[in-house]
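# Coordinate inspection notes
So the chains spell out like this:
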Amino acid sequence: MPFDHTHLLGIEPLAPDDIRAILDLADQYADQGRSGAKHGDALAGMTQINMFFENSTRTQASFELAGKRLGADVMSMAMQASSIKKGETLIDTAMTLNAMHPDLLVVRHPHSGAVDLLAQKVNCAVLNAGDGRHEHPTQALLDALTIRRAKGRLHRLNIAICGDIAHSRVARSNIILLGKMENRIRLIGPPTLMPAGIGEFGVEVYDDMAAGLKGVDVVMMLRLQRERMDGGFIPSEREYYHRYGLDAEKLAHAAPDAIVMHPGPMNRGVEIDGELADDIHRSVIQQQVEMGVAVRMAAMDLLARNLRRKRTPTTVMT
Amino acid sequence: MIDTGLTLIINARLIDPEAGTDTPGSLLIEDGRIARITHGPDTPNPPKGARVIDAGGKHLAPGIVDIGVKVCEPGERHKESFRSAGLAAAAGGVTTMATRPDTLPAIDSPEVLEFSRRRANEATPVNVLPMAALTKGRAGKEMTEIGFLMDAGAVAFTDCDHVVQSTKVFARALTYARSCGALVIAHPQEPGLSAGAAATSGKFASLYGLPAVSPMAERMGLDRDIALLEMTGARYHADQITTARALPALERAKRNGLDITAGTSIHHLTLNELDVAGYRTFFKVKPPLRSEEDRQAIVEAVRSGLIDTISSMHTPQDEESKRLPFEEAASGAVALETLLPAALRLYHSGDLDLPVLFRALSLNPAKRLGLACGRLAVGAPADLVLFDASKPFVMDRFKLRSKSKNTPFDGARMQGRVLATFVAGTPVYEAE
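Let me sum up the structure you'll find in this document. (Residues numbered from 1 in each chain as written. Chains lettered and ligands numbered in written order. Predicted model: local features only at pLDDT ≥ 70, side-chain atom pairs only at ≥ 80, totals over all residues. Heavy atoms only, no water.)

## Concerning the packing of aromatic side chains
Residue and element names in this part refer to chain B. Applicable threshold: Only rings of Phe, Tyr and Trp enter the pairing, Trp through its six-membered ring, and a pair is recorded when the two centres are within 6.5 Å. The plane angle decides the type: under 30 degrees is stacked, over 60 is edge-to-face, the rest tilted. Working definition: helices are DSSP H or I runs of at least four residues, strands are E runs of at least two. Numbering for both runs from the N terminus. We call a charge positioned over a ring when the NZ of a Lys or the CZ of an Arg lies within 6 Å of the ring centre and within 35 degrees of the ring normal.
Tallying each qualifying case throughout the model produces four aromatic pairs over all chains. Considering the side-chain rings of Tyr 208 and Tyr 279, the 5.1 Å spacing of their centres and the 70 degrees angle between planes classify their relative orientation as edge-to-face. Of this pair, Tyr 208 sits in helix α6 (residues 203–208) while Tyr 279 sits in the loop between α9 (266–270) and α10 (292–304); the two residues are 71 residues apart in sequence, bridging distant segments of the chain. Grouping aromatic residues by their ring pairs yields a cluster made of Phe 204, Tyr 208 and Tyr 279. Stacked on the ring of Phe 326, the Lys or Arg Lys 284 has its end atom at 5.6 Å from the ring centre.

Here it is in structure tokens:
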């Protein structure tokens, strides 16, 4: 079955073969990115608009670079600064941009489900760059590619995801993806940062790092948002670091060749020890950034192929 | 034909929620009241000049008394007016609407109540009984003029989905209301927990990344209110009980002799949280839809009588307020016209029989508001609904009479259509 999706709204709608298709193509783009000839023409003549209703530096830059490397015309809009302030609704904004005939729309929004809603109203390929606490599919895909390249496989691994699971779309997409690829997933964090009903997700839940990390092959750390640090969810930054921050001592419970991941941006000394984050023998954080561009190139390439195939000579807007 | 004020409905199945029976018979209406009820399959001779309606073996029940209908006058007439709500009610078999005061501005003074009563009388073919706010502006700070408002016709006092957070203010309002004999309707919810929630916490909400409230928040709110009832002795009705966890507290309060009743909404009886899948904002209601286990527990509580009333919680919203990301979208659903067919799902599934359904739809709400309607008894007002319980149809939201079309049942297969609705013996709706 070839990759047959109009949008990339989440990991949930993808089959394991879809995930493999994206990762295989991304592998090629990753190698190409390391060569002198970084450019391709898969998106030549196409227009990519990045709509970020929430601040982002890395993801936006990554999508922008991915589009440019594939030859698209790329435009990035910081939506907080634009018409949203003037009271325009999400759908109106989408319709306005849709009238400019973009081919790819990359959207980040602070509310869960907002990107799904937008995708129903436009006739181009929509990529979810993160919606509320729901999904962040390209992050999960780049994590998967990083793991596959480091471990040589993406199945039957013991993977720990640590920290603020409750508010993390990265955690959700990763739980879904890694589950679909048949890995064993452990979630570690204080119970105040665990979502309700998490026991029904087919994961093991720990509130102790030493127990949770025992023998795992991959340690994924999550960013703890500043606004959650002061007494609301955890008592303090320093207590969090003491109990849940990843340092060499805690990592010693994991498998000897376990890799350390973080979606960035990191809070050094809050969820991860700075030295450990920079340890090239354990940390693959820089590779994650590199794979991010490759995965986004692959995802946009595959969606663009489907877009070209489905388009009839006369595209009528509805 | 001369209108003699006499109508004989023959060949009907009479649903009597007081007796708990569903039997063949006929019913005579005279001067707006039920004048005679004949049981058995034999057709009595019609009195001279009577209009005879052959029900063709279909069901005749006391008209629905719906506590908690939102008509958006004053303030948001584009969402629902008394006229459109009245037509929807008549088509849905609702013969009495107790309307909510959560309008713009809130109905919190005798003057605003007077306006709304006048509009209702001009434009509505069914009975409209206005409710008034318990506190000014529904702000939870100062109580309204409960005495004057009762004189002006308020049947109950409620701040709707605004919980009176100050226990002191609420206790005083309950104490004062008791001295007036007023009924207070509250929304049992712990607002500290439920603030910002768009779904019920659990696997579903976690998967969809929606801010969620524990079902425990409802029990905590109810527990507080029950403690205040013990303290004040007020007459109290919980607008919507929707979770299994709240039921033991309700049961104990009733057993202890408190003057407490409880309702639930048709949506919580017939839908669950999974229906929201795909962020469908027409399924966003307040409180949010619950788990299937909760839904089943609530159905059982209606059957046992622990939950007294079923209401539509009719809440019109325009397209603009619903076509938004789920968290930002407005809550509420229109339901006057879908209340009966949705309730009949519980009849067709074998969960509830028709007398039990109409006990919760008509008899109990009428009793709670001190009305003579809601029963099939000689002398009672001839507020009646004649319906075909089995007629299948596919719900099309654009055929609704409500100005707002925000029903969660759009495209749903339903069974049961109203054939005719009578208010004080006068047909206010007849199906073509």
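From this point, the narrative continues.
## Comments concerning the interface of chain A and chain B
We count it as follows: Between two residues, a contact is recorded if the distance between any of their heavy atoms is within 4.5 Å. Buried area is understood as the total, over both parts, of accessible area removed when two parts are fitted together, assessed with a 1.4 Å probe. Salt bridges are counted wherever a side-chain nitrogen of Lys or Arg sits within 4 Å of a carboxyl oxygen of Asp or Glu. The definition of a polar contact used here is a pair of N or O atoms within 3.5 Å, where within protein one atom must be able to donate a hydrogen and the other to accept one, and adjacent residues in sequence count solely through side-chain atom pairs. Each residue gets one label: Ala, Val, Leu, Ile, Met, Phe, Trp, Tyr, Cys and Pro are nonpolar, Asp, Glu, Lys and Arg are charged, and the others, such as Gly, are polar.
Counting residues at the interface gives 20 residues for chain A, matched by 16 residues for chain B. In this assembly, chain A packs against chain B so that about 1,500 Å² is buried in total across both faces, 61% of it on carbon and sulfur atoms. For chain A, the biggest contributors to the area lost against chain B are A:His111, A:Ser112 and A:Phe201; these three give 30% of the whole. Joining chain A to chain B, the criterion identifies zero salt bridges. Here chain A is connected to chain B by six residue pairs in polar contact (both at pLDDT 80 or more). Those elements that provide at least two residues to the side of chain A that touches chain B are α3 (90–98) and α4 (114–119) of chain A. Its residues assigned to classes, the side of chain A that touches chain B shows seven nonpolar, seven polar and six charged.

## So, the sheet that holds strand β4 (residues 125–131) of chain A
Residues and elements named next belong to chain A. This is how it is decided: Strand pairing is defined by DSSP finding a minimum of two bridges between the two strands. In this description, a line fitted to the C-alpha atoms serves as the axis of each element, helices being fitted only across the stretch in contact, and the angle between N-to-C directions of two axes falls anywhere from 0 to 180 degrees.
Read from one edge to the other, the open sheet built from four strands follows the order β2-β1-β3-β4, with strand pairing classed as parallel. The open sheet has two free edges, formed respectively by β2 (73–78) and β4, since each of these has just one partner strand. Within the sheet, the average angular offset between the axes of one strand and its neighbour, ignoring direction, is 15 degrees. In this structure, strand β1 (residues 47–52) lies alongside β2, joined through six bridges in parallel fashion. Looking at the pairing, Phe 52 lines up with Ala 78 of β2.

## Structural notes on the sheet that holds strand β14 (residues 260–265) of chain B
Residues and elements named next belong to chain B. Within the open sheet, the five strands sit side by side as β9-β10-β13-β14-β15. Their pairing is parallel. The sheet is open, and its two borders are formed by β9 (157–158) and β15 (309–311), each paired with just one other strand. Sheet analysis places β9 next to strand β10 (residues 183–186), joined by two bridges and oriented parallel. Bridging from a neighbouring strand, Thr 158 pairs with Ile 185 of β10. In the packing of helix α13 (residues 354–368) onto the sheet, contacts are made with β10, β13 (235–238), β14 and β15, and the angle to β15 comes to roughly 100 degrees.

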